[in-house]
Amino acid sequence: MSDATTADEALPFFADVVAAVWATDGRFQGRAYVDGLTQVGFDKSAMEVTYDESTVGNPAESIQFSVRWGEECLVGQVGPSTGDPVVAVMPGLQTGRCLIGDTRPIDW
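Residues numbered from 1 in each chain as written. Predicted model: local features only at pLDDT ≥ 70, side-chain atom pairs only at ≥ 80, totals over all residues. Heavy atoms only, no water.

S.K.: So what about the overall build of the protein chain? Which residues, and what values?
M.R.: Helix and strand counts for the protein chain stand at two helices and four strands. Listing each helix as α and each strand as β along the protein chain from the N terminus yields α-α-β-β-β-β. A compact globule built from 108 residues would reach a C-alpha radius of gyration of about 13 Å, and the protein chain, at 13 Å, matches this within 12%. Projected onto the principal axes, the alpha-carbon positions of the protein chain cover approximately 40 × 30 × 25 Å. Expressed as a percentage of its 108 residues, the buried residues of the protein chain come to 36%. If you take every contact in the protein chain between residues at least 6 apart in sequence, the share linking residues at least 24 apart comes to 48%. Accessible area of the protein chain: about 6,100 Å², with a carbon and sulfur share of 51%. Separation between the mean location of the 6 positive side-chain charges and that of the 16 negative ones in the protein chain comes to 6 Å. (Helix = DSSP H or I, 4+ residues; strand = E, 2+ residues; numbered from the N terminus. Rg over C-alpha atoms; globule rule 2.2 N^0.38 Å. Buried < 20%, exposed > 50% of the residue type's maximum accessible area, 1.4 Å probe, protein only. Contact = heavy atoms within 4.5 Å. Areas by Shrake-Rupley, 256 points an atom, 1.4 Å probe, with all protein chains shown as cover. Lys, Arg positive; Asp, Glu negative; His and termini not counted. Charge placed at Lys NZ, Arg CZ, Asp CG, Glu CD.)

S.K.: Please give an account of the packing of aromatic side chains that cites residues and values.
M.R.: According to the stated counting rule, one finds six aromatic pairs in the structure shown. Residues phenylalanine 13 and phenylalanine 42 carry aromatic rings whose centres are separated by 5.8 Å and whose planes lie at 25 degrees to one another, so their mutual orientation is stacked. Highlighted residues: phenylalanine 13 in helix α1 (residues 7–22) and phenylalanine 42 in the loop between α2 (30–39) and β1 (47–49), separated in sequence by 29 residues. Among the residues examined, phenylalanine 13 registers a relative accessible area of 34% and is labelled partly exposed. The exposure class of phenylalanine 42 is buried, given its relative accessible area of 3%. Ring centres of phenylalanine 14 and phenylalanine 42 lie 6.0 Å apart, and the angle between their planes is 75 degrees; this geometry places the pair in the edge-to-face category. Here the residue phenylalanine 14 occupies a position in helix α1, and phenylalanine 42 occupies one in the loop between α2 and β1, the gap between them amounting to 28 residues. Among the residues examined, phenylalanine 14 registers a relative accessible area of 0% and is labelled buried. Taken together, the ring pairs in this structure connect Phe13, Phe14, Tyr33, Phe42, Phe65 and Trp69 into an aromatic cluster. (Phe/Tyr/Trp six-rings, centres within 6.5 Å; stacked < 30°, edge-to-face > 60°.)

Here it is as structure tokens:
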């Protein structure tokens, strides 16, 4: 992905990767989205992902993941409560993050 590409220009490519992962058995695993996005050139160090399970071990109703893109964020959401995947360009948070709340370490 070119650094000159805007978040709006990158969104269709991001959406294609999300749709491809959604079509696999890994559709409810945040790592699958991080890995898929990384494989096609998105910057893993700019990513965030929420947990696949609740604090009591139940599958998450939805999983969110993001890629920081300058001052904006490419954000995706999938899961049983979401239906089809949802992707959007959102403003980045002043903290430098994209997602609010607790996120999973991307340590693989």
